[in-house]
Amino acid sequence: MTDRRWSSPVFRLKGHLDAILTGAKYLITPRATVRYPEEVIELPEGYRGFIEYKKDICISCGLCATVCPANAMKMYVERAAEPGEEAPAEEVKPKRYPGINYTRCIFCGFCVDVCPTGALEHVETHDVAYEDFNSMIYPPGEFAAGPPKPEFDTPPRRLRPTMDERRGIAYEPAD
Amino acid sequence: MMGLLEWILDLLLSPWLFVPLIYPGLISAFAVLLFIIWFERKLAAKVQLRYGPLYVLKRLGGAIQLVADLLRYLFAEPIVPDQADRLAFIFGPILLFASSYIAAIAIPISYDFYAFRSEISLLVVLGLNTLAPAFNLVIGWGSNNKFGLIGGLREGFLITADEIPMFVSALAMAVLYGTMDLVRMVELQSEWLWGIALNPLAAVTFFVLMLLSTSRFPFEIVEAESEIVMGPFTEYSGILYGLTMGASYVKLYVLSLLFAILFLGGWEPLPPLEFPGSWLILPGAVLFLKALVIMCLSVFMRAVYPRYRIDQALRLAWHYLFPASILSVFLSLLVLSGWSI
Ligand code: SF4
Ligand code: SF4
């Protein structure tokens, strides 16, 4: 207690009244959150969601797996098929490709930053529900097939957050 | 057949069954429980600019969220820990809930409808209400858990700190009205003024102590979720946990009814309406509404206050509320002597 006025009971009583009045004021302030599955907010540029992997420009350097602080990115040994062929030919040398485990990923974005060829990139998606842990692990093949998409029962309304002088945060329809 | 129905209806409407079982007893206590917990969450959410419970019955803003929660508690397995004292562990919550609501039987709901009228019905309500915390101690001890024990001890500290000033401030009103009969108190208030206008000090003290004794914020010290998990109720699960959680709300309900009778004129003033059964329904409804407003005010505190430490709460109770309650007795005497002059 740095302010000496707090030692006076009258001042403290006023503090209690102030607190209750502040609570009452916020009771009639408009809400600052949105009803998520029906309304979604537009995410800012550079949002770190799920990761998109472009296998064709990956050079198998393994930097992403090295840098990953959560051990979510892992190199798999694979023999890739030539374009147009079903299975890889016997004589093709196995190569290493990254796969991701979203049960561990903390969406820090280090792998995206470190990738020398830009084979990894964030997408906006961040809201996908899985039924079990195993389906959250993406070996290189599935990883390259693109990031998962969220499923909504009805298409949600999109809202854009804006700064409001008085209220702080406000929302306006995005389209 | 008609005779049987009438007989059953008569039985239900007789005060000795209606009061403990329907209103203000068990059934309305449950209804209040369902409403007030939802309302508390909704209110806290609104103050924090969120939505709160919404998806169970969306049109009414998730109003039956608590029914869903109750069903979940009912179907969850109540686990009894190996090391716990089985008897205390299982019967503790049941007795806690029962003793929280038992005081409702002595609360009259109109001039001529009560299960129990006596010269000392105020003392009966207060006394029965003091039973409940003892079972918190039993639960805390019986569950053989550090957090439970700490929570139980905290309850032990708080019982004396809240019940004594609460008795004194309620008795200040008894001094003022010159009776401890709750029915007579309402009668006198309708002749004079509401108790809250006659002795505001006692009303404020009683209200704060009500928060303290039912562990509403800022005195949610016994449970203190972020420090000692859930205090005495740490080991509980399933419907046994549901009972422990409901008990403090039921106690709040009974005390709110008492507050409405002591300070807010009970079932007076009655709206001038006439319809069949209005002699029974109207006074009860007025009393209920007043109690409901008090309860809503108490749960609103959750949105405003953080939790006091136990020493702060004890200091508040012993240094401020206890002297205030004694002062309120003098205030009563002063008002009384002013009245007779
Ligand atoms: S975002 Fe971070 S945690 Fe996730 S895979 Fe990339 S480096 Fe690992
Ligand atoms: S994704 Fe990028 S960092 Fe990872 S192995 Fe391929 S090229 Fe290297």
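Residues numbered from 1 in each chain as written. Chains lettered and ligands numbered in written order. Predicted model: local features only at pLDDT ≥ 70, side-chain atom pairs only at ≥ 80, totals over all residues. Heavy atoms only, no water.

**Some remarks on the overall build of chain B**
Keep this limit in mind: Put simply, DSSP H or I for four residues or longer makes a helix, DSSP E for two residues or longer makes a strand, and each gets a number counted from the N terminus. Computation of the radius of gyration draws on C-alpha atoms alone. For the globule rule, the value is 2.2 Å times the number of residues to the power 0.38. Per-residue accessibility, obtained with a 1.4 Å probe over protein chains only, is compared with the maximum for each type, and a residue is labelled buried under 20%, exposed over 50%, and partly exposed between these values. It only takes one pair of heavy atoms within 4.5 Å for two residues to be counted as in contact. Calculation of accessible area relied on Shrake-Rupley with a 1.4 Å probe; when residues are assessed, cover is drawn exclusively from the protein chains displayed.
A tally of regular secondary structure across chain B gives 15 helices and zero strands. In terms of C-alpha radius of gyration, chain B reaches 21 Å, essentially the compact-globule figure of 20 Å for 341 residues. By its C-alpha atoms, chain B is 65 × 60 × 45 Å across when sized along the principal axes. A burial count over chain B gives 54% of its 341 residues as buried. In chain B, once contacts between residues fewer than 6 apart in sequence are set aside, the share between residues at least 24 apart is 79%. Here chain B displays about 15,200 Å² of accessible surface, and carbon together with sulfur accounts for 73% of that area.

**Some details on the packing of aromatic side chains**
All names here are of chain B. For clarity, the threshold we go by: For this analysis, a ring pair means two rings from Phe, Tyr or Trp (six-membered ring only for Trp) whose centres lie within 6.5 Å, classed as stacked if their planes differ by under 30 degrees, edge-to-face if by over 60, and tilted for the remaining angles.
Summed over the entire model, instances satisfying the criterion amount to 18 aromatic pairs over all chains. Ring geometry for F35 versus F39: centroids 5.3 Å apart, planes at 20°, classification stacked. Here the residue F35 and the residue F39 both occupy positions in helix α3 (residues 26-47), the gap between them amounting to four residues, near one helical turn. Relative accessible area serves as the criterion here: at 30%, F35 is assigned to the partly exposed category. For F39, a relative accessible area of 21% translates into the label partly exposed. Between F259 and F263, the aromatic rings sit 4.8 Å apart at their centres with planes inclined by 40°, giving tilted as the arrangement. Residue F259 and its partner F263 are both found in helix α13 (residues 238-263); the two are separated by four residues, about one turn of the helix. There is no split in this pair, since F259 and F263 are both buried.

**Observations concerning helix α6 (residues 121-129) of chain B**
Residue and element names in this part refer to chain B. Condition: Comment: arc refers to directions from the helix axis out to C-beta atoms.
Taken together, the buried positions of α6 are occupied by S121, L122, V125, L126 and N129. For α6, the buried positions fall inside an angular range of 140° around the axis, keeping them on one side. Of the surrounding elements, those touching the buried residues of α6 are α7 (131-142), α8 (146-177), α9 (182-191) and α13.

**Brief notes about the sheet that holds strand β4 (residues 95-101) of chain A**
Residues and elements named next belong to chain A. Convention followed: When DSSP finds two or more bridges between two strands, those strands count as paired.
Ordered by their spatial adjacency, three strands build an open sheet running β3-β4-β6, and the pairing between neighbours is antiparallel. Among the strands making up the open sheet, the edge pair consists of β3 (73-78) and β6 (137-138). Inspection of the sheet shows β3 paired to β4 by six bridges, in the antiparallel sense. Bridge pairing in β4 links V77 to R96.

**Thoughts on the site of ligand 1**
Operational definition: For this description, a residue counts as near a given molecule or strand if any of its non-hydrogen atoms is within 4 Å of it. Classification convention: Asp, Glu, Lys, Arg as charged; Ala, Val, Leu, Ile, Met, Phe, Trp, Tyr, Cys, Pro as nonpolar; all other residues, Gly among them, as polar.
Close to ligand 1 lie I51(A), C68(A), P69(A), M73(A), I100(A), C105(A), I106(A), F107(A), C108(A), G109(A), F110(A) and C111(A), which account for all nearby residues. For the shell around ligand 1, the class distribution of residues is eleven nonpolar, one polar and no charged.

**Here's the deal with the site of ligand 2**
Among the 13 residues in the neighbourhood of ligand 2, the closest are listed as C58(A), C61(A), G62(A), C64(A) and C115(A). Across the shell around ligand 2, the residue classes break down as ten nonpolar, three polar and no charged.

**So, the packing of α9(B) against α13(B)**
Residue and element names in this part refer to chain B. Defined as follows: Axes, fitted as lines to C-alpha atoms, cover a helix only where it is in contact. Angles between the N-to-C directions of the axes lie from 0 to 180 degrees. Angles are sorted into four bins: roughly parallel if under 35 degrees, roughly antiparallel if over 145, roughly perpendicular if 65 to 115, and oblique for all others.
Remark: α9 packs on α13, axes separated minimally by 8 Å, with the N-to-C direction vectors making an angle of 45°. As judged from the angle between their axes, α9 and α13 are oblique. Between α9, through L182, M185, V186 and Q189, and α13, the contact on the second element is made entirely by L258, I261, L262 and F263. Residue classes in the contact of α9 with α13 are distributed as seven nonpolar, one polar and no charged.

**Examining the interface of chain B and chain A**
Note the cut-off: Defined in terms of a 1.4 Å probe, buried area is the accessible area two parts forfeit on being brought together, summed over both. Salt bridge, as applied in this entry: a Lys or Arg side-chain nitrogen positioned within 4 Å of an Asp or Glu carboxyl oxygen. Identification of polar contacts relies on pairs of N or O atoms within 3.5 Å, with a donor-acceptor requirement for protein atoms, meaning one able to donate a hydrogen and the other able to accept it, and with residues adjacent in sequence counted only if both atoms are side-chain atoms.
At the interface, 15 residues of chain B touch 19 residues of chain A. Both faces considered, chain B and chain A share a buried interface measuring about 1,600 Å² in area, 61% of it formed by carbon and sulfur atoms. Considering only the side of chain B, the residues that lose the most area to chain A are K46(B), L49(B) and Y51(B), jointly responsible for 40% of the buried surface there. The interface formed by chain B and chain A includes zero salt bridges. At the boundary of chain B with chain A, the tally comes to eight residue pairs in polar contact (both at pLDDT 80 or more). Mapped onto the side of chain B that touches chain A, the elements with two or more residues apiece are α3 and α14 (278-304) of chain B. Here the side of chain B that touches chain A is composed, by residue class, of twelve nonpolar, no polar and three charged.

**Concerning the sheet that holds strand β7 (residues 157-164) of chain A**
Residues and elements named next belong to chain A. Strand order in the open sheet formed by three strands is β1-β7-β8, and the pairing between neighbours is mixed. With one partner strand each, in any of the chains shown, β1 (39-41) and β8 (168-173) form the two edges of the open sheet. Each adjacent strand pair in this sheet contributes to an overall mean axis angle of 40°, direction not counted. Pairing analysis gives three bridges linking β1 to β7, with the strands arranged parallel. Considered in β7, the bridge of E39 is made with R157.

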